[in-house]
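Breakdown of the fold
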Amino acid sequence: MSEHKKALVFAGGGSKGAYQIGAWKALRELGESFDIACGTSIGSINAGFYVQNDFDAAYEMWEGLRADRIMTNGINFDKTFESIFSQRDQLIPFIKTFINSKGADVTPFHENLQKYFDPDKFFSSDVDYALMTVKYPSFTPFEVTKDDMRPYGADAWKWMAASGAAYPVFPVMNVDGEDYVDGGYYDNIPVATAFKRGATEVLVLDLKTEKNHEGYIHHPRVKYIKPTRDLGTFLNFDKDALRFSLNLGYNDTMKAYGKYYGLQYTLIPADGDEEALSAIASDFIDLLTVSEAGFDFSKYVSKRQRVNALEGSTTILSGILGADKPTDEGLFIAALEMLLKSCSYEIDRSYRFGDLLYHLKSEADSLYPMLERDTDEAFPYVLNFVKTHSEAKNPLNKKLEEEDRKLLIFMALLRALQQAKL
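The model shown is predicted, which means the values in this text are computed figures rather than measured ones.

Of regular secondary structure, the protein chain possesses 17 helices and ten strands. Looking at the protein chain as a whole, 50% of its 422 residues qualify as buried. Roughly 20600 Å² of accessible area belongs to the protein chain as shown, and the carbon and sulfur atoms make up 49% of that amount.

Put into structure tokens, the structure is as follows:
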């Protein structure tokens, strides 16, 4: 049996790589360590920081990173032309530099790499390392290991620059007379590279919200942590965007390890909240099951259509979770987030889980006593709760009266809260 080795794989994604530093911060607090670090593009740089065990330096770099520390006359590229043209004073110099250099002038980027690359720490570290780059113009993949980099000494950072040469925005990177471009042209998440280095377990820090990396996404030895919110474009170095990515990486990792609850929202439990969640989630599923089974769906079923053609409440919640056989707790969290979203609770702040439940219970109790009414009779009260707590123009509530399954979910949730001993 092979020796157990854990690998941490950093995906490529430019400025979105700040997310990985937030994730690393959480992994440190969780006591997680890894024997191998692999990466592509910005991931190769973050993986290099991991090999050096230089979290503070990595955090310092990302906290202070700005477009002009990546490109001469650099500008931020977010998703809007309006934002780009708002930087018109920098735009013309950038375009001139881009044309003259056959790509952005990335001298500041290379200077940053040289500043933070520590060959003594890197090569003496017990953590193995490999990156992915691509030869140009053949576009053939080229893996580079720590042993391959060792002869380059203090200049070994050039291989990380080669991995991150996001051509054609960045120019090609020349190492020893050979040209290289971004490794993402072949493999943006080098899981296979980690397995070739001897990994028996892999944790991926992805930078895309959507389903990604089909080759390993269902592999039993591979776990993915990926953003629950869109991180924007790969060349947006706005400080608020970077800070958002850092915080999200931290929160998502805490959720992945069960330390925080939530999907889009961040719910922080305290001691004893796990038992409270288990009890209230069980009550919620019981109440939802009984309410749905007794509900008259006939008015929602067209002629010669069967009721089993209608999507069930738990199916809706399972879709939010992305799980075929979810737990009671998972379904409850999905329902809670659905309610919070409809009630316009801020998504970018963190909530103390127990305090939030107590608040919602108190709000429900203040509007009406225990919902000891038939389902149809209770719906107006549920609607009143949502509309009282939501913004007047919240589009989610315009058709809420017609969404019977959502109302069933909210009703069961509020009843479970009102029954709970919080």
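Read on for the rest.
This paragraph deals with the confidence of the model for the protein chain. The pLDDT averaged across the protein chain works out to 86; a share of 83% of its residues lies at or above 70. Here residues 80-88 scores under 50 on pLDDT; set against residues more than four positions off or in separate chains, the count is eight contacts. pLDDT under 50 marks residues 91-99. Its contacts with residues more than four places away, or in other chains, come to 19 contacts.

Contact geometry for helix α2 (residues 42-52) and helix α3 (residues 55-64): axes closest at 9 Å, N-to-C directions at 140°. When the axis of α2 is compared with that of α3, the two are oblique. Where α2 abuts α3, its residues Ile42, Asn46 and Phe49 lie against Ala57, Ala58, Met61 and Trp62. Residue composition of the contact of α2 with α3, grouped by class: six nonpolar, one polar and no charged.

This brings us to the nonpolar core. By size, the foremost hydrophobic cluster in this structure holds 73 residues, and its most contacted members are Met149 and Val202. The contacts of Met149, once residues within four sequence positions are left out, are Phe122, Phe123, Tyr129, Leu131, Val144, Ala156, Trp159 and Met160. Judged by nonpolar contacts, the second largest core, of 46 residues, contains Leu277, Leu331, Phe379 and Ile409.

Take the pattern of salt bridges next. One pass over the structure, following the stated rule, counts ten salt bridges. For the salt bridge of Lys196 with Glu143, the shortest nitrogen-to-oxygen distance reads 2.8 Å. Taken together, the residues span a long stretch of sequence, with Lys196 in helix α10 (residues 191-196) and Glu143 in strand β4 (residues 141-145) at a distance of 53 residues. Measuring nitrogen to oxygen at the nearest pair gives 2.6 Å for the salt bridge that ties Arg229 to Asp348. Residue Arg229 is located in the loop between β8 (222-225) and α11 (239-256), and its partner Asp348 is located in the loop between α14 (328-342) and β10 (350-352); the two are separated by 119 residues in the primary sequence. The exposure class assigned to Arg229 is buried, which follows from its relative accessible area of 18%.

Successive residues of a regular strand alternate their side chains across the two faces of the sheet. Of all five residues that make up strand β2 (residues 36-40), five are buried, and the element is covered over most of its length. Judged from the four bridges that link them, strand β1 (residues 6-10) and β2 form a sheet pairing that is parallel. Looking at the pairing, Ala7 lines up with Ile36 of β2. Between the parallel elements β1 and β2, the chain passes through helix α1 (residues 18-29) in a crossover that is right-handed.

Calculation notes
- Residues numbered from 1 in each chain as written.
- Predicted model: local features only at pLDDT ≥ 70, side-chain atom pairs only at ≥ 80, totals over all residues.
- Heavy atoms only, no water.
- Helix = DSSP H or I, 4+ residues; strand = E, 2+ residues; numbered from the N terminus.
- Buried < 20%, exposed > 50% of the residue type's maximum accessible area, 1.4 Å probe, protein only.
- Areas by Shrake-Rupley, 256 points an atom, 1.4 Å probe, with all protein chains shown as cover.
- pLDDT = per-residue confidence, 0-100.
- Contact = heavy atoms within 4.5 Å.
- Axes fitted to C-alpha atoms, helices over the stretch in contact; angles between N-to-C directions.
- Parallel < 35°, antiparallel > 145°, perpendicular 65-115°, else oblique.
- Nonpolar A, V, L, I, M, F, W, Y, C, P; charged D, E, K, R; others polar.
- Core = buried A, V, L, I, M, F, W, Y, C linked by side-chain atoms within 4.5 Å.
- Salt bridge = Lys/Arg side-chain N within 4 Å of Asp/Glu carboxyl O.
- Pairing = 2+ DSSP bridges.
- Right-handed = clockwise from strand over helix to strand, strands pointing away.

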